[in-house]
Structures are given as C-alpha cells and as structure tokens.
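Here is how the chains run, residue by residue.
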Amino acid sequence: MGTKYRVTSDLHYWHKNILNFESSKRFRGDLYKTVEQMNQDLTVKFNHGADADTVTFVLGDFCFGHGKQVIKRLEEILDELVGHIVLVKGNHDNFDAIKTFKKRGHDVCDYYEFNDYEQKICMSHYPFAAWNKSHYGSVFLHGHCHGSYSAKGRILDVGWDVHGRILGLPEAYQMCMGKDVFTADGH
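Residues numbered from 1 in each chain as written. Predicted model: local features only at pLDDT ≥ 70, side-chain atom pairs only at ≥ 80, totals over all residues. Heavy atoms only, no water.

1. Here we look at helix α2 (residues 35–47)
Here's step 1: Taking 1.5 Å per residue, 13 residues should reach 18 Å; α2 reaches 18 Å between its end C-alpha atoms and fits that length.
Here's step 2: Of the residues making up α2, those classed as buried are V35, M38, N39, L42, T43, F46 and N47. Buried residues of α2, viewed axially, fall in a sector of 155°; they line one side. Away from the buried face of α2 by more than 90 degrees, exposed residues Q40 and V44 are located.
Here's step 3: In this fold, the buried residues of α2 make contact with β1 (4–8), α1 (25–29), β2 (54–58), α3 (67–80), β3 (84–88) and α5 (160–163).
Here's step 4: Just past α2, the residue G49 takes up positive phi, approximately 80°. (Helix = DSSP H or I, 4+ residues; strand = E, 2+ residues; numbered from the N terminus. Expected span 1.5 Å × (residues − 1). Buried < 20%, exposed > 50% of the residue type's maximum accessible area, 1.4 Å probe, protein only. Arc of directions from axis to C-beta. Contact = heavy atoms within 4.5 Å.)

2. Thoughts on the packing of aromatic side chains
Here's step 1: Under the defined criterion, the tally for this structure stands at 11 aromatic pairs.
Here's step 2: An angle of 75° between the planes, with centres 4.8 Å apart, marks the rings of Y5 and F114 as edge-to-face. Here F114 lies in strand β5 (residues 112–114) and Y5 lies in strand β1, a separation of 109 residues in the sequence.
Here's step 3: For F114, a relative accessible area of 5% corresponds to the buried category.
Here's step 4: On the basis of an interplanar angle of 55° and a centroid distance of 4.9 Å, the ring pair of F57 and Y112 is categorised as tilted. On the criterion of sequence distance, the pair formed by F57 in strand β2 and Y112 in strand β5 is long-range, its members being 55 residues apart. (Phe/Tyr/Trp six-rings, centres within 6.5 Å; stacked < 30°, edge-to-face > 60°.)

3. Quick notes on the side chain of D61
Here's step 1: Inspection of the secondary structure puts D61 in the loop between β2 and α3.
Here's step 2: It turns out D61 is buried and unbridged, and the closest side chain with the opposite charge, R28, is 8.7 Å from it.
Here's step 3: Ignoring anything within four residues of it in the chain, the contact list for D61 reads D10, L11, H12, G90, N91, H92, D93 and H125. (Lys, Arg positive; Asp, Glu negative; His and termini not counted. Salt bridge = Lys/Arg side-chain N within 4 Å of Asp/Glu carboxyl O.)

4. So, the pattern of salt bridges
Here's step 1: Applying the stated criterion to the full structure yields 9 salt bridges.
Here's step 2: Where E75 meets K103, a salt bridge forms, and the shortest distance between an N and an O atom there is 3.5 Å. Residue E75 is found in helix α3, and its partner K103 is found in helix α4 (residues 95–103); the two are separated by 28 residues along the sequence.
Here's step 3: K103 sits in the exposed class, given a relative accessible area of 63%.

5. Describing the sheet that holds β5
Here's step 1: Read from one edge to the other, the open sheet built from 4 strands follows the order β5-β6-β7-β8, with strand pairing classed as mixed. Taken across any chain shown, the strands that pair with only one partner, and hence form the sheet edges, are β5 and β8 (155–157). Averaged over all pairs of adjacent strands, the angle between strand axes in this sheet comes to 20°, irrespective of strand direction.
Here's step 2: Pairing of strand β7 (residues 139–142) with β8 involves 3 bridges; the strand directions are parallel. Among the inter-strand pairings, L141 is bridged to a residue of β8, identified as L156.
Here's step 3: Helix α6 (residues 169–177) contacts β5, β6 (121–123), β7 and β8 of the sheet and is inclined by roughly 120° relative to β7. (Pairing = 2+ DSSP bridges. Axes fitted to C-alpha atoms, helices over the stretch in contact; angles between N-to-C directions.)

6. Brief notes about α4
Along an α-helix, residues three or four positions apart point the same way, because every turn accommodates 3.6 residues.
Here's step 1: Buried residues of α4: D96, A97, I98, T100 and F101, and no others.
Here's step 2: As for α4, its buried residues are in contact with α3, β3 and β4 (107–109).
Here's step 3: One side-chain oxygen of the residue at the start of α4 lies 3.1 Å from the amide nitrogen of D96, identifying that residue as N94.
Here's step 4: Positive backbone phi, at 90°, marks G105, one or two positions downstream of α4. (Polar contact = N/O pair within 3.5 Å; in protein donor to acceptor, adjacent residues only side chain to side chain.)

7. What about the layout of surface pockets?
Here's step 1: In this structure, the largest pocket spans a volume of roughly 160 Å³.
Here's step 2: Along its surface, the largest pocket is lined by W14, E36, N39, Q40, T43, R73, E76, I77 and E80.
Here's step 3: Put simply, the parts of the chain that give the lining of the largest pocket at least two residues each are α2 and α3.
Here's step 4: Considering only residue class, the lining of the largest pocket consists of 2 nonpolar, 3 polar and 4 charged. (1 Å grid on protein atoms, 1.4 Å probe; cavity = no way out; pocket = protein on both sides within 12 Å on 5 of 7 lines; lining within 4 Å. Points joined across faces, edges and corners; volume = space filled by probe spheres on them. Nonpolar A, V, L, I, M, F, W, Y, C, P; charged D, E, K, R; others polar.)

Keep in mind these numbers describe shape, not what the thing actually does.
As structure tokens, this is what we get:
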C-alpha cells in the first residue's frame, strides 16, 4: 500500500493541567473530565487510519512527566500506537522519554527535513522566523505555540490544540502552499 506520512505536535499525554489551559479548551478541556479520558481518546484518534506502514512525525511534547513514572506511562502508550513515530524533540521530551522512544524502535531528532515534495518541508518543535530555503518557497511545520504564533511565509502550527487531529503530511503541505513565500524584506 505504501507509506502514509502524518504530522502533529503537542499531544501532551499525561499532562493533567493542559485540560485547564485556555488554548486547549476547544479540543481537550471542553471534552474530557480526566487526563485518562484524554489519553484514551488521543490514542484512538492517533490510530485511526494508521497501519504498520504509517510514519507519524510528532513535533515535540509527546508526553508529560519525569523519571520512572514517564518511562512506564510512555511504554504503555507506545505499545498501543500503530505505525512508526519520528519524534522531533520538544521542551517536555526529556532524557527518559527520548530513551524510551529509541528503545521502542522510534526515531528521535532535534530538527527534520523532508524532501519528497515539490518544495522542501522543514520541521521543528519551535517556530522559526526563517528556515532552510524559506525564501524559495519551502514549507515549515512546527508546534509549541498551541495556535498563538503567527508568521509570514509557508509556516503552519500542526499542534493538536490547533487542529484537534493528526494532519496528513500532504494536507499540511497543501495548507502551506496556499500562503505567500517568505521574504526577509517583506516582499
């Protein structure tokens, strides 16, 4: 069938307080009474339409917690998810989480570039003001801001709290291609 590529960020598994964040009301706080309900629904939605050949780019902040607690919780979650994950590290993806992802056969990096499209796709947890080939029309996907950051150019916050779902990589790419090319001088 071929590889299906998807992208999201800021899933924040096990982050109880995110249910109270204003930026999270639409796709979390108004839907769930407990973090366990949120986790279960995130897993169902993560697996929807996925198969063994699916690659999901998670642009940071996959899980919340530290030490042995996060390792156990993360192992349980990863055992339930379908496909391969490329974690582009975020500020909540600590050493224990990164080690667990790698131990389970997933990839972890600080930054990722994807070259299978007409224009390069660049990915990071954090938004950039300019990125590789931005002035030539490349696309930049990020998370971290939960919908609160806007910038010029072909840039998109792919976070869960922005879309309430995982985006197909072709869909995210097309969303960006409808935007003007970034130029440093504003033209």
